[in-house]
Amino acid sequence: MARSSEITRKTKETDITLSLALDGEGNGAVNTGIGFFDHMLEGFAKHGLFDLQLKVKGDLQVDAHHTVEDTGIVLGNAIREAFGDKKGIKRYGSCILPMDDALCLCALDLCGRPYFSYECAFTTDRLGEMDTELFREFFYAVSYSAGMNLHLKMLSGINNHHMAEAMFKAFAKALDEALCFDGRIKDVLSTKGSL
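Residue indices follow the written sequence of each chain, beginning from 1 at its first position. Under the rules for a predicted model, residues below a pLDDT of 70 receive no local features and side-chain atom pairs below 80 are neither given nor counted, while totals for whole chains, interfaces and linings still include all residues. Here the side-chain values reflect all heavy atoms present in the structure, with hydrogen atoms and water set aside.

J.: How should the nonpolar core be read in this particular structure?
T.: In globular proteins that are soluble, nonpolar side chains generally tend to be buried together. Put simply, buried Ala, Val, Leu, Ile, Met, Phe, Trp, Tyr and Cys residues joined by side-chain atoms within 4.5 Å make one nonpolar core. Partly exposed residues are those whose accessible area sits between 20% and 50% of the maximum for their type, while under 20% is buried and over 50% is exposed, using a 1.4 Å probe and protein chains only. Formed by 62 residues in total, the largest nonpolar core has its most connected members in Leu 52, Leu 108, Phe 135, Met 167, Phe 171 and Leu 175. Strands are runs of DSSP state E lasting at least two residues, helices are runs of H or I lasting at least four, and both sets are numbered from the N terminus onward. Ranked by the residues each element gives to this core, the list is headed by helix H4 (residues 160-179), at 12 residues. Residues within four places of Leu 52 in sequence aside, it is in contact with Leu 18, Ser 19, Leu 20, Asn 27, Gly 28, Ala 29, Val 30, Leu 41, Phe 44, Ala 45 and Leu 75. We call two residues contacting when some pair of their heavy atoms lies within 4.5 Å.

Shown next, in the form of structure tokens:
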């Protein structure tokens, strides 16, 4: 059965249409109006082997905050909807990913209980048209909307572009691992019997 979802969310600040296939081929078609953010989300799709179609119209005349945060909310909801009852999946995923000088750790648990830990100190305020402080807002929104425990930690890094890219790729690889099926897991991976 295909694990996929389609979500539309419209507010006074953003109008978002997103479709996500978890068992895809890494195809991404993304247009948020923020070039650097598009680049990061296309990398997320490619390296997680997710098929992602995303179109966002946001109030960029104000700034990028609402566009980035609301995209995180919608992506988190899409992930949660697509993975369904979680029967048979590994639940946990982690990745330590190198991107030239940058080394990022991502670990996550699709436990249904949102928690977010973030350790990354950028040395520039912006990358392209995107404020670097918005990376935290994006991943926070994803983790809480998806109901996942998410830890992101930059272990080392000099180049801010590489650091940001390492985060998105590490998140993609960790999420892909957590979503993988294991034939030994007959129900959900929990002593409680539910997630």
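J.: I'm lost on the pairing of strand E3 (residues 28-31) in this one. Help?
T.: Along any regular strand the residues' side chains alternate between the sheet's two faces. Note on pairing: two strands pair once DSSP finds at least 2 bridges between them. Of the pairings in the sheet, the one linking E3 to strand E4 (residues 51-58) comprises four bridges and is parallel in character. What sits directly across from Ala 29, in E4, is Gln 53.

J.: Explain the sheet that holds strand E7 (residues 115-119) here, please?
T.: Strand pairing in a sheet relies on backbone hydrogen bonds, with the paired strands running either antiparallel or parallel. In space, the four strands of this open sheet follow the order E5-E6-E10-E7, with mixed pairing throughout. Unpaired on one side and paired on the other, strand E5 (92-99) and E7 mark the two borders of the sheet. Strand-to-strand twist across the sheet, computed as the mean angle between neighbouring axes with direction ignored, equals 10 degrees. Both strand E6 (residues 102-109) and strand E10 (residues 149-156) contribute to a ladder of seven bridges, which runs antiparallel. Looking at E10, one finds that Asp 109 is bridged to Asn 149. Structural elements are reduced to axes, namely lines fitted to C-alpha atoms, with helices fitted over the stretch in contact, and the angle between N-to-C directions of any two is expressed from 0 to 180 degrees. Across the face of the sheet, helix H3 (residues 134-146) comes into contact with E7 and E10 while running at roughly 160 degrees to E7. Each of E5, E6, E7 and E10 is contacted by H4, which is oriented at about 150 degrees to E5, the strand it contacts most.

Read these as spatial facts, not as claims about activity.
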